[in-house]
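Coordinate inspection notes
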Amino acid sequence: AMAGWLAALSAADERRKQALRDAGPRPERDPAVAAATECLRADYRRILVERPAEAQAQGLDRHLWMRCVYSTIELFRRKVRKAQDFLDQSAAITRGRAQDDAARESLRRATAG
């Protein structure tokens, strides 16, 4: 009986993964991803409530956390890292331009005087 539950979870997880692949650049706002995640959560909750001993033995509470919560946190962490990398690159470019401007000004003063 538990094998059937696990197969249903696996199928729901695959639907969520496919929705994430199809979502484009903002999966956290995609309605298909939200719907697939909610279906997966509902399946996990149903098993956790109806078959608590088997669910605990399989570690399904941890699976629920990792698939439905932690993966969203990781998505946002990746976006924050990407934004930080962009800001760091922009700052480096700005510093380089400022140094170039200072060098040109120094050269202009040296040749003008």
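Just so you know, these numbers come straight off a predicted model, no measurement behind them. (Residues numbered from 1 in each chain as written. Predicted model: local features only at pLDDT ≥ 70, side-chain atom pairs only at ≥ 80, totals over all residues. Heavy atoms only, no water.)

Considerations on the layout of surface pockets
Put simply, the test is: The pocket and cavity definitions rest on a 1 Å grid over protein atoms only: a 1.4 Å probe that fits but cannot leave marks a cavity, an open set with protein on both sides within 12 Å along at least five of seven lines marks a pocket, and residues lining either have an atom within 4 Å of a point. Grid points are joined across faces, edges and corners, and a volume is the space filled by probe spheres set on the points. Under the scheme used here, helices are H or I runs from DSSP no shorter than 4 residues and strands are E runs no shorter than 2 residues, and both carry numbers assigned from the N terminus. Ten residues, namely Ala, Val, Leu, Ile, Met, Phe, Trp, Tyr, Cys and Pro, are considered nonpolar, four, namely Asp, Glu, Lys and Arg, are considered charged, and the remaining ones, Gly among them, are considered polar.
In this structure, the largest pocket encloses a volume near 210 Å³. Around the largest pocket, the lining residues are Arg16, Leu20, Pro27, Glu28, Val33, Ala34, Thr37, Ser71, Thr72, Leu75 and Arg78. Broken down by secondary-structure element, the contributors of at least two residues to the lining of the largest pocket are α1 (2-22), α2 (31-50) and α4 (60-112). Looking at the lining of the largest pocket element by element, the count peaks at four residues for α4. Each residue belonging to the lining of the largest pocket can be placed in one class, and the counts come to five nonpolar, three polar and three charged.

Comments concerning a nonpolar patch on the surface
Heads up, the rule is: The patch calculation keeps residues exceeding 30% relative accessible area without a salt bridge and links them within 9 Å when they carry like charges or within 5 Å when they are nonpolar (Val, Leu, Ile, Met, Phe, Trp, Tyr). Per-residue and other accessible areas were derived by the Shrake-Rupley procedure at a 1.4 Å probe size, with only the shown protein chains allowed to occlude residues. Any carboxyl oxygen of Asp or Glu within 4 Å of a side-chain nitrogen of Lys or Arg constitutes a salt bridge here. Buried, partly exposed and exposed residues are distinguished by accessible area as a fraction of the type maximum, computed with a 1.4 Å probe on protein chains only: under 20%, between the cut-offs, and over 50%, respectively.
A surface patch of nonpolar side chains, about 310 Å² in accessible area, is lined by Trp65, Met66, Val69 and Ile73. For Met66, the location among the structural elements is in helix α4. A residue is classified by how much of its surface remains accessible, and Met66, at 30% relative accessible area, is partly exposed.

Some remarks on α2
Working note: α-helix, 3.6 residues per turn, so residues spaced by three or four point in the same direction. Quick note on the threshold: What a helix is expected to span follows from its residue count: subtract one and scale by 1.5 Å. Arc definition: it is the arc formed by the directions from the helix axis to the C-beta atoms. Side-chain atoms alone can form a polar contact between residues adjacent in sequence; in general such a contact is a pair of N or O atoms within 3.5 Å, and within protein one must be able to donate a hydrogen while the other accepts it.
With 20 residues, α2 should reach 28 Å at 1.5 Å per residue; the first-to-last C-alpha distance of 28 Å fits that figure. Within α2, the full set of buried residues consists of Val33, Ala36, Thr37, Leu40, Asp43, Tyr44 and Ile47. All buried residues of α2 project into a common sector of 120° when viewed along the axis, lining one side. Structural note: α2 exposes Pro31 and Val49 on the side pointing more than 90 degrees away from its buried face. For α2, the capping residue at the N-terminal end is Asp30, with a side-chain oxygen 2.8 Å from the backbone nitrogen of Ala32.

Focus: the side chain of Arg16
In plain terms, the rule: The charged-residue count follows a simple rule in which Lys and Arg add positive charge and Asp and Glu add negative charge, with His and chain termini not counted at all. Throughout, a residue-residue contact means that at least one pair of heavy atoms, one from each residue, lies within 4.5 Å.
You can see Arg16 is positioned in helix α1. No salt bridge is formed by the buried Arg16, whose closest oppositely charged neighbour, Asp13, lies at an N-O distance of 5.1 Å. Engagement of the side chain of Arg16 in a polar contact is seen with the side chain of Thr37, the distance being 2.8 Å. Only 3.3 Å separates the side chain of Arg16 from the backbone oxygen of Arg67, close enough to count as a polar contact. Residues contacting Arg16, with those up to four places away along its chain left out, are Ala36, Thr37, Leu40, Arg67, Ser71 and Thr72.

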